[in-house]
Amino acid sequence: MTTAFFSHDDFMRHNMGPEHPESPERLAAIISYLADTGLDQKLDWVRPEEITRDQLLMVHPENYLHQLDLMQPTRGRVFTDPDTAMMPDTLRAARLAAGANVQAVDMVMSSQVTNAFVCARPPGHHAERAKSMGFCFYNNVALAAMRALTFHHLERVAIIDFDVHQGNGTVDIVSGDERILMCSSFQHPFYPHSHVHRQADNIVNIPIEANCSPEEYRKLVEAGWLKRLNDFKPQLVLISAGFDAHRLDPMAELNLDTEDYRWLTEMIVAVAHEHSNDRIISTLEGGYHLRALAESVNAHLEVLDSVY
Ligand SMILES: [Zn+2]
């Protein structure tokens, strides 16, 4: 039993411009670092296929999908919000990223692999049911959750989102759905400035002040998440894995280090071991300092790969 690593060259073809932080170089940095550490040899590399329209419709309405199709240019770039651009290869990459998440659920649920990491872009957690924003088009983690609930008939799926930005899109989609428990930590007040106060019982928000120490962060997260997760007893754990709370990250003001991501992953692995038969699917969200991102993903994967 191994860790699946979902990767595809076409993730790199979505390119929002030379100045854009959500760049193809992010994936290149991760893959090259994994080659340096040798961890790439231990992973089960999977080339995903595109998600189907029917699968997208589990989360996003047809008129939204159609609107994105119409907006995608045949050349150049168009912006769907001030931060988010589409180009000719964007939706292909987005369908592959979402498809990888669905396929990862299928592989983990059928015990082909223990767990999986989807090393994809564009990311997903800012994509609301009918709104693309924050570099995101389709909500990858929500699509994974719906696949697990509908196709695999699970009753309880946990989503853990440790990206430094709140996963407003995921909250928009899963809020009030008692089959899903979403636990997240994020810098606050901060982008995306929405859905923070929209409280449903299944949403556990841990807002973190800028410049919070890693020790304090660990305490807040442990106190906020663990009991809820253990009471919920998830049958599958999904991670929106953003690494932009790293102290080197240029986009935010939290101070986590690579070892804090190792700690976070160990905590999540322990929850999955207790309740989910070790089943975890982690999907890449943010992380914009290339070296910090690569090191943190490597630490995250070392922990996932240590599960047997
Ligand atoms: Zn982020």
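A short tour of the structure in this document, coming up. Bear in mind that the values here come from a model prediction, so they are computed numbers and not experimental data.

**A closer look at unusual backbone geometry**
Here is step 1: Omega for the bond connecting His188 with Pro189 falls within 30 degrees of zero, at 0°, which places this linkage in the cis form.
Here is step 2: The linkage connecting Tyr191 with the following residue, Pro192, adopts the cis geometry, with an omega of 10°.
Here is step 3: Positioned with a positive phi, Ser111 is a non-glycine residue whose angle comes to about 60°.
Here is step 4: Overall, the relative accessible area of 43% leaves Ser111 in the partly exposed class.
Here is step 5: Backbone geometry at Lys233 places phi at a positive 55°, although glycine is not the residue there.
Here is step 6: Tracing the sequence through the fold places Lys233 in the loop between helix H7 (214-232) and strand E9 (236-241).

**Examining the coordination of the zinc ion**
Here is step 1: The protein atoms that coordinate the zinc ion are Asp163 (OD), Asp163 (OD), His165 (ND1) and Asp244 (OD), at distances spanning 2.0 to 2.8 Å.
Here is step 2: The site at the zinc ion holds four donor atoms, and with the angles between them running 52 to 153°, its shape is irregular.
Here is step 3: Coordination of the zinc ion draws on donor residues from a single chain, spaced D-x1-H-x78-D in sequence. Of this pair, His165 sits in the loop between strand E6 (157-161) and helix H6 (168-174) while Asp244 sits in the loop between E9 and helix H8 (258-275), and the two are 79 residues apart along the sequence.
Here is step 4: On the accessibility criterion, His165 (7% relative accessible area) is buried.

Basis of the calculations
Residues numbered from 1 in each chain as written. Predicted model: local features only at pLDDT ≥ 70, side-chain atom pairs only at ≥ 80, totals over all residues. Heavy atoms only, no water. Buried < 20%, exposed > 50% of the residue type's maximum accessible area, 1.4 Å probe, protein only. Helix = DSSP H or I, 4+ residues; strand = E, 2+ residues; numbered from the N terminus. Donors = N, O, S within 2.8 Å, 3.2 Å for Na, K, Ca; no water. Tetrahedral: all angles 85-135°; square planar, octahedral: opposite > 155°, others 65-115°.

Distances and angles like these do not, on their own, reveal function.
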